[in-house]
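Now for the letters of each chain:
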Amino acid sequence: MKFFLDTADLVQIEEAASWGAVAGVTTNPSLYARIGGKLADFPAHIARICALIDGPVSAEAMGLTRDALIREGRELAGIAPNVVVKIPTMVEGLAATRALANEGIRVNMTLCFTVPQAILAARSGARYVSPFVGRFDDSSEDGIEHLANIVRSLENYDFADTGVNGERIEVIAASIRSAQHVTQAALIGADIATVPFSVLKKCVEHPLTTNGLAAFQEDWKKVDNA
Ligand code: G3P
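Residues numbered from 1 in each chain as written. Predicted model: local features only at pLDDT ≥ 70, side-chain atom pairs only at ≥ 80, totals over all residues. Heavy atoms only, no water.

### Observations concerning helix H3 (residues 42-52)
- When we look at burial in H3, the residues that qualify are Phe42, His45, Ile46, Ile49 and Cys50. For H3, the angular spread of the buried residues around the axis is 140°, confining them to a single face. (Buried < 20%, exposed > 50% of the residue type's maximum accessible area, 1.4 Å probe, protein only. Helix = DSSP H or I, 4+ residues; strand = E, 2+ residues; numbered from the N terminus. Arc of directions from axis to C-beta.)

As structure tokens, then:
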């Protein structure tokens, strides 16, 4: 499983990128608003993220019609070669995804919650599909179970002929809230987990690692250096 960082924060992205284990970034309108982003700066901001990360960077198109989404998608894809256009799972989104995929533009279909939505995303040529885990949990449903169903259903079929350049669709486990979600996504076989920086830090840590490191440091002082 690959790790993507789910943030628009350049400081977090630069730090996480330096760890060498982050393969991509996903942003969304809420994350851009959270860092105080300005509308006019959005393309330049995405360009800066693309320069920091050697991998796909999802930027969301905000239109509600296929024409608007296609127009925005082309503009976003023109920012950098590693931009992936994020498009919501809806009728107009499917149509826009098909048109963009036919032009060789990669799409991440977002706000995906069900198996039929994920299969339709794959059929429309999406390069990635993003099932949201935590938001199901928020409404007292098991988000991981929904993710597992989506992964399993996509594995049942060969979507190689539907996407961009024969690339297989990959599942991005999104709306990840904990290291436990990451564990479960990996056991299920999700291709990617996109995680907030706070969760990425928690994924590195374990009390036994911290305590073991402290003990090794202490014991090393006892080694005779004469
Ligand atoms: O990027 C989409 C997704 O990861 C959002 O997560 O925490 O707002 O449900 P969340």
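### Brief notes about the nonpolar core
- Core analysis: the largest hydrophobic core is formed by 54 residues, its most contacted members being Leu5, Ile87, Met109, Val129, Leu147 and Leu154.
- Residue contributions to this core peak at five residues, all from helix H8 (residues 143-155).
- Core analysis: the next-biggest nonpolar cluster, separate from the first, contains five residues, Phe4, Val84, Ile172 and Ile192 among them. (Core = buried A, V, L, I, M, F, W, Y, C linked by side-chain atoms within 4.5 Å.)

### Description of the pairing of strand S8 (residues 192-195)
- Side chains of S8 alternate between two faces, with Ile192 and Thr194 and Ala193 and Val195 buried alike.
- Where strand S1 (residues 2-6) lies against S8, four bridges are found, and the strand directions are parallel. Each bridged residue has a counterpart across the sheet, and for phenylalanine 3 the counterpart in S8 is alanine 193.
- Here strand S7 (residues 170-173) runs beside S8; their pairing, made up of two bridges, is parallel. (Pairing = 2+ DSSP bridges.)

### Structural notes on a negative patch on the surface
- Taken together, Asp137, Glu141, Asp142 and Glu145 make up a surface patch of like negative charges.
- Relative accessible area serves as the criterion here: at 47%, glutamate 145 is assigned to the partly exposed category. (Patch = residues over 30% accessible without salt bridge, like charges linked within 9 Å, V, L, I, M, F, W, Y side chains within 5 Å. Areas by Shrake-Rupley, 256 points an atom, 1.4 Å probe, with all protein chains shown as cover. Salt bridge = Lys/Arg side-chain N within 4 Å of Asp/Glu carboxyl O. Lys, Arg positive; Asp, Glu negative; His and termini not counted. Charge placed at Lys NZ, Arg CZ, Asp CG, Glu CD.)

### Thoughts on the pattern of salt bridges
- Applying the stated rule across the entire model yields ten salt bridges.
- In this structure, glutamate 170 and lysine 2 form a salt bridge, with 3.1 Å as the shortest nitrogen-oxygen distance. Pair noted here: glutamate 170 is in strand S7 and lysine 2 is in strand S1, with a separation of 168 residues, a long-range link.
- Two residues, aspartate 191 and arginine 168, come together in a salt bridge whose shortest N-O distance is 2.8 Å. Remark: arginine 168 occurs in the loop between H8 and S7 and aspartate 191 occurs in the loop between helix H9 (179-188) and S8; sequence separation between them is 23 residues.
- Connected through shared salt-bridge partners, Lys2, Arg106, Arg127, Glu167 and Glu170 make up one network.

### Considering the environment of valine 107
- The topology assignment puts valine 107 in strand S5 (residues 107-112).
- Along the sequence, valine 107 and valine 223 sit 116 residues apart, while their C-alpha atoms lie 57 Å from each other.
- In contact with valine 107, other than residues within four places in its own chain, are Val84, Val85, Ile87, Thr97, Leu100, Ala126, Arg127 and Tyr128. (Contact = heavy atoms within 4.5 Å.)

### Description of the packing of helix H1 (residues 10-18) against H3
- It is at 10 Å that the axes of H1 and H3 come closest, and there the two elements cross at 10°. By the angle between their directions, the pair H1 and H3 is classed as roughly parallel. Where H1 approaches H3, its residues Leu10, Ile13, Glu14 and Ala17 are matched on the opposing element by His45, Arg48, Ile49 and Leu52.
- Here the contact of H1 with H3 is composed, by residue class, of five nonpolar, one polar and two charged. (Axes fitted to C-alpha atoms, helices over the stretch in contact; angles between N-to-C directions. Parallel < 35°, antiparallel > 145°, perpendicular 65-115°, else oblique. Nonpolar A, V, L, I, M, F, W, Y, C, P; charged D, E, K, R; others polar.)

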